[in-house]
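Here's the letter readout for the chains.
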Amino acid sequence: MGATGHSHDHDQHDCRRYLDGLSDYVDGTLGEELCRELEAHMAECENCRVVVNTLTKTITLYHQLPSPVMPDTVKERLYTVLDLKPFYHPAASDAQADTDQPG
Amino acid sequence: MDTSDEAVLVARLQAGDQAAYAQLVEEHAGRIYRLALRMMGNEADAEDVLQETFLSAFKSIDTFQARSSLSTWLYRIASNVALMRLRRNEPVQVSVDEPLERDDGELIPRQFFDFCCLPEEELVRDEVRQEMKRAVEELPPSLRSVFVLRDIEELSTSETADALDLSISAVKSRLMRARLKLRERLSLYFSHGSISTETR
Ligand SMILES: [Zn+2]
């Protein structure tokens, strides 16, 4: 799969020109014109195709990383430090509810 | 929580209502702990950051303005606490804040192994996830904070900017650098991994 040898004779400067836009591109926020240019470039440049694919995959893998859950012992100590001990109850019952709430 | 519920909670907090304090902790401690753990890389430091964040939030709740949400406000306090601790721990010669003008050379992709085509079970192994966590922990803190908020906690660009007191363009530029570094590192990791699997 590795495209170690650049088979095309285009300049690596071309690739560098798009580097700044790759992150916006995978977020879908790159300007329309740059987006078209980059896609035209990718059609001819395997390296940039691989970089875009693996960049997207990298972000997906991080999105899928399981969220660490705060242990009850940590929660209990927090309530104690904050002088809220009477309000403390273990999180076990609502652990799932807490795992994936967006801000 | 919708904005009117939040306004009520803020009013109760500012009036010193203990139950409101407990509600704030109940609703946000889990997320703040996750951020702290990703930033600090170990549970003991994460717990310190968690406690310091809420202590500091309680102390400054009077100055809270509804310009941002409570959630973003807490993220901001927690990020500051974490970054301050990381600064304290770093050897003096290592700057926590990378210079803004960056060295393009270090960002140029060098790994072109297309690990997308690996079987999904290869990509989500425990060992891979450990490597992913290590990779984040080894990012410079200024990039790490942006990456954790944007790509792990999945805040928007503007929420991240707000939480870290950065401009939108600074968030985008740091996110780009973080992502490219992580992509590079994972590519290298998977290219080695797959060689050893293939030769088995
Ligand atoms: Zn290219």
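Conventions we followed
Counting starts from 1 at the beginning of each chain's written sequence and moves along it residue by residue. Chain letters and ligand numbers both follow the written order, the letters beginning at A and the numbers at 1. Predicted model: local features are reported for residues with pLDDT of at least 70 only, side-chain atom pairs are reported and counted for 80 or more only, and whole-chain, interface and lining totals are derived from all residues. Working from all heavy atoms in the structure, the side-chain values ignore hydrogens and water. We call a set of buried Ala, Val, Leu, Ile, Met, Phe, Trp, Tyr and Cys residues a nonpolar core when their side-chain atoms join them within 4.5 Å. Relative accessibility thresholds used throughout: buried, under 20% of the residue-type maximum; exposed, over 50%; partly exposed, between the two (1.4 Å probe, protein chains only). Secondary structure is summarised from DSSP: a helix means a run of H or I of at least four residues, a strand means a run of E of at least two, and numbering begins at the N terminus for each. The contact definition used throughout considers only heavy atoms, calling two residues in contact when any of these lie within 4.5 Å. For the purposes of this description, domain bounds are those given by an automatic or database domain assignment. The term buried area means the drop in 1.4 Å probe accessible area that two parts suffer when joined, counted for both and summed. Criterion for a salt bridge: a side-chain nitrogen of Lys or Arg within 4 Å of a carboxyl oxygen of Asp or Glu. For the purposes of these results, a polar contact is taken to be a pair of N or O atoms within 3.5 Å, where, inside protein, one atom must be able to donate a hydrogen and its partner to accept one; residues adjacent in sequence count only when each atom of the pair is a side-chain atom. Working definition: rings of Phe, Tyr and Trp (its six-membered ring) pair if their centres are within 6.5 Å, and the pair is stacked with planes under 30 degrees apart, edge-to-face with planes over 60 apart, and tilted otherwise.

Caption draft 1: Spotlight on the nonpolar core. The biggest cluster of nonpolar side chains holds 70 residues, and the ones touching the most others in it are A:Tyr62, B:Val25, B:Leu50, B:Phe54, B:Leu70, B:Phe147 and B:Phe190. With 13 residues, the single largest contributor to this core is helix α2 (residues 18–40) of chain B. Here B:Leu50 is in contact with A:Met70, A:Val74, A:Leu78, B:Ala29, B:Ile32 and B:Tyr33, once residues within four sequence places are set aside.

Caption draft 2: Region of interest: unusual backbone geometry. Residue and element names in this part refer to chain A. Even without glycine at this site, Asp83 takes up a positive phi of about 65°. You can see Asp83 is positioned in the loop between α5 (72–81) and α6 (95–99). Looking at Asp83, the relative accessible area reads 63%, which means it is exposed.

Caption draft 3: View of the domain arrangement of chain B. All names here are of chain B. Here chain B is partitioned into domain 1 (3–89) and domain 2 (104–199). Of note, the centres of domain 1 and domain 2, computed from C-alpha atoms alone, are 26 Å apart. Contacts between the two partners involve 14 residues from domain 1 and, on the opposite side, 16 residues from domain 2. Note on domain 1 versus domain 2: buried area summed over both sides is about 1,300 Å², and carbon and sulfur give 60% of it. Three residues, Arg38, Met39 and Tyr75, lead the burial of domain 1 against domain 2; their summed loss comes to 41% of the area buried on that side. At the junction of domain 1 and domain 2, the tally comes to 3 salt bridges. On inspection of domain 1 and its partner domain 2, the count reaches 4 residue pairs in polar contact (both at pLDDT 80 or more).

Caption draft 4: A look at the packing of aromatic side chains. Residue and element names in this part refer to chain B. Evaluated as defined, the whole model comprises 7 aromatic pairs over all chains. The interplanar angle of 70° and the centroid separation of 5.6 Å between the aromatic rings of Tyr189 and Phe190 together place this pair among those described as edge-to-face. A network of ring pairs unites the aromatic residues Tyr21, Phe54 and Phe58 as a single cluster.

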